[in-house]
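Notes for the structure review
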Amino acid sequence: MSSRRVVVTALGAVSPLGTDLKSTWEGVTQGRSGGAKIAGFDASNFSCQIAAEVKNFDPSLYVSTKEMKRYDRFSLFALAAADEAWKRAGIAEGVYEPSKMGCILGVGIGGLPVLEANHAELIAEGPRKISPVLIPAMISNLAPGNIAIQYNLQGVNFVITS
């Protein structure tokens, strides 16, 4: 049996209950629902009008406007949650061994909005209109990869998708 240890030093959250751990936890403990009428897109033709969307999320707190174009929303959520966890952990730059730190992130599916937008461009304008960052923006394993780049984590890095 292995004697290797994993240490969780802090948490971060972006959820339909809040864009940080405190507001998310308050929502959970108060029994609030994150569900509401869909506001992220026109859902009038759908039989379901309710979803648990993340509200009031400001990606400019975590990446520049230029960088935002490279990321799908799910990846921005991951960066925001990682930023909160990193700050809560109080880990100063240069006081950790990068090869012993990594990122494992759970993602159900990511990148659908960027895939949908590029598909519309393909149909309307042809293949030359597909963004060169389509694949990097949509693949789920890029979220932990971006976190690893941000914090110089050189250890294990992968995404769990199920």
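Up top you'll find the structure we're talking about.
Not measured: the values here are computed from a predicted model.

The subject of this paragraph is helix α4 (residues 112-125). An ideal rise of 1.5 Å per residue puts 20 Å on 14 residues; α4 measures up with 20 Å between its terminal C-alpha atoms. Positioned one or two residues after α4, glycine 126 has a phi angle of 100°, which is positive.

Taking 1.5 Å of rise per residue, 17 residues should cover 24 Å, and helix α3 (residues 73-89) covers 24 Å from first to last C-alpha, within 8% of that figure. Among the 17 residues that make up α3, 13 are buried, leaving the element largely enclosed by the rest of the structure. Trailing α3 by a residue or two, glycine 90 shows a phi angle of about 70°, which is positive.

On to the packing of aromatic side chains. By the definition in use, this model includes five aromatic pairs. Centre to centre, the rings of phenylalanine 57 and phenylalanine 77 are 4.9 Å apart; their planes meet at 85°, and the pair counts as edge-to-face. With a gap of 20 residues between them, phenylalanine 57 in the loop between β2 (50-51) and α2 (65-68) and phenylalanine 77 in helix α3 connect regions that are remote in the sequence. Looking at phenylalanine 57, the relative accessible area reads 13%, which means it is buried. Arranged with centres 4.4 Å apart and planes meeting at 25°, the rings of tryptophan 86 and tyrosine 151 form a pair that is stacked.

Here the focus is unusual backbone geometry. Notably, asparagine 56 is not glycine yet its phi reads approximately 60°, a positive angle. Looking at the secondary structure, you find asparagine 56 in the loop between β2 and α2. For asparagine 152, which is not glycine, the phi dihedral falls at a positive 55°.

Turning our eyes to something else, we now look at the pattern of salt bridges. All told, the structure shown has two salt bridges when counted by the stated rule. Here glutamate 26 and lysine 22 are joined by a salt bridge, their closest N and O atoms 2.9 Å apart. One end of the pair is glutamate 26 and the other is lysine 22, both in helix α1 (residues 21-29) and four residues apart, which spans about a single turn. With relative accessibility at 58%, the residue lysine 22 sits in the exposed group. Taking the shortest distance from any N to any O, the salt bridge between aspartate 83 and lysine 87 comes out at 2.9 Å.

Looking now at the pairing of strand β3 (residues 103-106). Side chains of β3 alternate between two faces, with Cys103 and Leu105 buried and Ile104 and Gly106 left unburied. With four bridges connecting them, β3 and strand β4 (residues 157-160) associate as parallel partners. Pairing of leucine 105 across the sheet is with valine 159, part of β4.

Basis of the calculations
Residues numbered from 1 in each chain as written. Predicted model: local features only at pLDDT ≥ 70, side-chain atom pairs only at ≥ 80, totals over all residues. Heavy atoms only, no water. Helix = DSSP H or I, 4+ residues; strand = E, 2+ residues; numbered from the N terminus. Expected span 1.5 Å × (residues − 1). Buried < 20%, exposed > 50% of the residue type's maximum accessible area, 1.4 Å probe, protein only. Phe/Tyr/Trp six-rings, centres within 6.5 Å; stacked < 30°, edge-to-face > 60°. Salt bridge = Lys/Arg side-chain N within 4 Å of Asp/Glu carboxyl O. Pairing = 2+ DSSP bridges.

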